[in-house]
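Working through the structure, step by step
Each chain is listed here by its residues.
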Amino acid sequence: MLAWRNLSRDPIRLLLSVAGVAVSIVLILLLVGYRSGIYAQASAYLDHAPGSALVAERGVADFFGTTSTLEPRVVEQVASLPGVAAAVPIVTQFVVFEEHGRKDGMFLVGYDPAKGGGPWRLAAGREPATDEEIVLDGVAAGQHGIGLGDRIRILDRDLAVVGLSEDTTFWSGSMAFARIGALETLLRAPGLRSFLLVTPTPGASLPSLTTAVSSLGADLVPKSTLIANDRRLLARVYDAPIGLMVAIAFVIGILVVGLVIYTSTVERRREYGALKAIGAGNRALYRVVATQALIAALLGAGSGAVLAVVGERALMAWRPQFRVEIDAATLVVVLASSLLMAAIASLVPARALAGLEPAEVLRS
Amino acid sequence: MTTTLAIRGVTKQFGHGATSVEAVRGVGLSVESGEVLLIMGPSGSGKSTLLSIMGALLRPTAGTVTLNGVAISQLPERDLPPVRLREFGFVFQDFNLLAALSALENVALVAELAGTARAEALRRAGELLTELGLAERVAFLPDQLSGGEKQRVAIARALINDPSVILADEPTANLDSSNGHEIMRTLRAVAKERGRSVVIVSHDQRIRDIADRVVWLEDGQLRDLMTMAVDPVCGMSVEHDRAVTLEQGGELRFFCSRGCRAEFLGELDGPAETRPARTGPLASLFQAVRPKTP
């Protein structure tokens, strides 16, 4: 009660402290959500593609970071290996796409629409029926002013846009889907296959399958490993700056709460001294200060969470290529962080109280 | 009457070496239940230090403090807050009420600190405030109360845990004359009607008449009040051997300064009849005061 009264006695200060924490929490949530979004985008293709493992060129351990080229005999023989229910070939290539003076990264996926491995959700149009057609990411198409039926130039060929896919933007651009034949022509590499999306038969032994693929001169890599390796690759780029910014936001939160609680404690030094003289123990006074910090931090965290969710939607509406994912687990972690914030922020005021001599109150 | 609080040979030294100061030197005192003890003395005489030692706020450098037979000066630091909470009631010069809490909550909080359930604490606080004439002001914040009302809330706060001893530090210093007397009458009633020991530190001469006993502290030591006199002009207590004197009509008068003596002489031609009234009761008070406690 005393903690709340002390805080609410100065509503402007309370508001400022709550706003300070809220801004810090918004920043933390958006940054963490942005990181989650990048990871989700990076694994979106593999999450939706058929199969649970990929056959890749020997030594290739990630999907986005390295070019994989499979020998034709590997492509032919994997499908007939015992334990393989399906092996869907795809061709992948990262290209730079330029239209209307704007350059963007494009991850081209060549696939067979009859077997799968193409776009998993279409916002408009259809899958490519010929080697002259392509499905573009809807967001990227919108940014370039491209619509269904338009023709775009990729490398040295013109392709007709017949479909717009959803959920296919990613950290360094967007994905586009064409038939395998289109990519063979574009890349001037007939028979090129980058990966096989492998679906093992039920009950098949993955180690045996791995050994069998290895004997063909390629690697069988579980999807989960590829996703983890792609994330590790992204982590090297994003985690340090995002982590630094999150840490700065966290420290700002601590400083805001700490400063407000410390100021309030110093201003009430005489009152706390009187309480100590009367017989309140340090623990009772710490509880008051810690509760004040907790109230400010929780109010800030609550408002911050609401603002962050609103901000997430606004940001994704404004810049759809940025995917921000604030999930319940992140909210729980951030809420726990705000408790930590409160605990750290109350250390200095608690120290000030501990040093308070009860006899001081008798010295006017 | 039984001895509630006793201090023996108490000394308090601040600092070390050449810069050390002895604020209290070998003081011995005891307070009975139902007694009002007034400790007087000039600024810097060690009154507040002595009160702090008596209330277990400060540990003496030497000597013992005994409360109801327990040597509280020997207790470890962690045991002192509960002693202060349950055995002492403090009344401060600046009231020191919590600005964010109402009068009722200020009083109840101290009971809650002592472990009383909130509802019971509020009930008892309400009763005490009503007894002290603040029934209509219980919901008011300290800022909305007058000085006298604040001090009555502070007295209620001091009484809520039914302590053995009430320690009051300059309780009238921030009050006007009328409120000051009201507070002193209340403190006296606390001693007489509740059988509590009340120790008041003050340099306010006006409150001597409510004390059962007055002791004079100067330079950290108790002085024999029988050797003290009151300046008839300014009302200050002065030692005989340091006072400026005036023999008049066979009677020796003591002044704190030549200025007071001059003023006194100047008024002899004017409204001199008003002066003896200031000295008379005080002089008789001195007669009633016990000699310095050994």
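Below or above, wherever it landed, is the structure these notes cover.

Conventions used here
Residues numbered from 1 in each chain as written. Chains lettered and ligands numbered in written order. Predicted model: local features only at pLDDT ≥ 70, side-chain atom pairs only at ≥ 80, totals over all residues. Heavy atoms only, no water. Helix = DSSP H or I, 4+ residues; strand = E, 2+ residues; numbered from the N terminus. Buried < 20%, exposed > 50% of the residue type's maximum accessible area, 1.4 Å probe, protein only. Contact = heavy atoms within 4.5 Å. Areas by Shrake-Rupley, 256 points an atom, 1.4 Å probe, with all protein chains shown as cover. Lys, Arg positive; Asp, Glu negative; His and termini not counted. Charge placed at Lys NZ, Arg CZ, Asp CG, Glu CD. Pairing = 2+ DSSP bridges. Core = buried A, V, L, I, M, F, W, Y, C linked by side-chain atoms within 4.5 Å. Buried area = accessible area lost by both parts, 1.4 Å probe. Salt bridge = Lys/Arg side-chain N within 4 Å of Asp/Glu carboxyl O. Polar contact = N/O pair within 3.5 Å; in protein donor to acceptor, adjacent residues only side chain to side chain. Nonpolar A, V, L, I, M, F, W, Y, C, P; charged D, E, K, R; others polar. Phe/Tyr/Trp six-rings, centres within 6.5 Å; stacked < 30°, edge-to-face > 60°. Lys NZ or Arg CZ within 6 Å of the ring centre and 35° of its normal. Patch = residues over 30% accessible without salt bridge, like charges linked within 9 Å, V, L, I, M, F, W, Y side chains within 5 Å.

Let's talk about the overall build of chain A
- A count of helical and extended segments in chain A gives 11 helices and 11 strands.
- A principal-axis box enclosing the C-alpha atoms of chain A has dimensions of 95 × 50 × 25 Å.
- Residues counted as buried form 50% of the 364 residues belonging to chain A.
- Relative to all contacts within chain A whose residues are 6 or more apart in sequence, the contacts with residues 24 or more apart total 79%.
- Carbon and sulfur atoms provide 62% of the accessible area of chain A, an area that totals close to 15,900 Å².
- Between the centroid of the 32 positive side chains of chain A and the centroid of its 31 negative side chains there is a distance of 12 Å.

Notes on the pairing of strand β2 (residues 21-32) of chain B
- Examined bridge by bridge, strand β1 (residues 3-14) of chain B and β2 of chain B share eight bridges and lie antiparallel to one another. In the sheet register, Q13 of chain B faces β2 of chain B, and the bridge partner there is E22 of chain B.

Some points on the nonpolar core
- Formed by 80 residues in total, the largest nonpolar core has its most connected members in L29, I39, F88 and I200 of chain B.
- Of all the elements, helix α5 (residues 147-159) of chain B adds the most residues to this core, at six residues.
- Within the second largest apolar cluster, 49 residues are counted, among which are V260, L285, A342 and L353 of chain A.

Concerning the interface of chain A and chain B
- Facing 21 residues of chain A, the contacting portion of chain B comprises 28 residues.
- Taking both sides of the interface into account, the surface hidden between chain A and chain B amounts to around 2,200 Å²; carbon and sulfur atoms contribute 63%.
- The largest contributions to the chain A side of the interface with chain B come from R9, I278 and L362 of chain A, which together make up 31% of the buried area.
- Between the two partners, chain A and chain B, sit three salt bridges.
- Where D143 of chain B meets R9 of chain A, a salt bridge forms, and the shortest distance between an N and an O atom there is 2.7 Å.
- On the surface where chain A and chain B come into contact, there are 10 residue pairs in polar contact (both at pLDDT 80 or more).
- Elements with a contribution of two residues or more to the side of chain A that touches chain B: α1 (2-8) and α8 (269-278) of chain A.
- When residues of the side of chain A that touches chain B are assigned to their parent elements, the largest contribution, seven residues, is made by α8 of chain A.
- Considered class by class, the residues forming the side of chain A that touches chain B number 12 nonpolar, four polar and five charged.

Digging into the packing of aromatic side chains
Residues and elements named next belong to chain A.
- Applying the stated criterion across every chain, the model contains 15 aromatic pairs over all chains.
- Judged by centre distance (6.4 Å) and plane angle (25°), the rings of Y45 and F177 are stacked. Of this pair, Y45 sits in helix α2 (residues 11-48) while F177 sits in strand β9 (residues 173-179), and the two are 132 residues apart along the sequence. For the pair shown, Y45 and F177 are each scored as buried.
- Measuring from ring centre to ring centre gives 6.3 Å for Y111 and F177, while their planes differ by 90°; the resulting arrangement is edge-to-face. Highlighted residues: Y111 in strand β3 (residues 102-111) and F177 in strand β9, separated in sequence by 66 residues.
- A relative accessible area of 0% places F177 in the buried class.
- In this structure an aromatic cluster arises from ring pairing among Y45, F63, F64, F107, Y111, W120, F170, F177 and F195.
- Sitting above the plane of the W318 ring, R319 keeps its charged end 4.5 Å from the centroid.

Description of the sheet that holds β2 of chain B
- With antiparallel pairing, four strands are arranged side by side in an open sheet as β2-β1-β4-β5 (chain B). What marks the edges here is a single partner per strand, and that holds for β2 and β5 (70-71) of chain B.

Considering the pattern of salt bridges
- Under the criterion given, the structure shown has 31 salt bridges over all chains.
- Its salt-bridge partner being D219 of chain A, residue R58 of chain A comes within 3.6 Å of it at the nearest N-O pair. Remark: D219 of chain A occurs in strand β11 (residues 218-222) and R58 of chain A occurs in the loop between β1 (53-57) and α3 (72-78); sequence separation between them is 161 residues.
- Note on D219 of chain A: relative accessible area 22%, which makes it partly exposed.
- Put simply, R59 of chain B and E77 of chain B hold a salt bridge, and the shortest N to O gap is 3.2 Å. Highlighted residues: R59 of chain B in the loop between α1 (47-54) and β4 (62-67) and E77 of chain B in the loop between β5 and α2 (80-87), separated in sequence by 18 residues.

What to know about the environment of G195 of chain B
All names here are of chain B.
- The topology assignment puts G195 in the loop between α6 (177-194) and β8 (197-201).
- Since its relative accessible area comes to 30%, G195 is described here as partly exposed.
- Each C-alpha atom of the pair G195 and G34 lies 4.1 Å from the other, and the pair is 161 residues apart in sequence.
- Once residues lying within four places of it in the same chain are set aside, the contact partners of G195 are S33, G34 and V190.

Some details on a nonpolar patch on the surface
All names here are of chain A.
- A contiguous nonpolar surface patch, about 520 Å² in accessible area, is contributed by Y262, V266, L340, I344, L347 and V348.
- Of all the secondary structure elements, the ones that give two or more residues to the nonpolar patch are α7 (223-267), α10 (328-345) and α11 (347-354).
- For L347, a relative accessible area of 56% corresponds to the exposed category.

These values are about where atoms sit, not about what they do.
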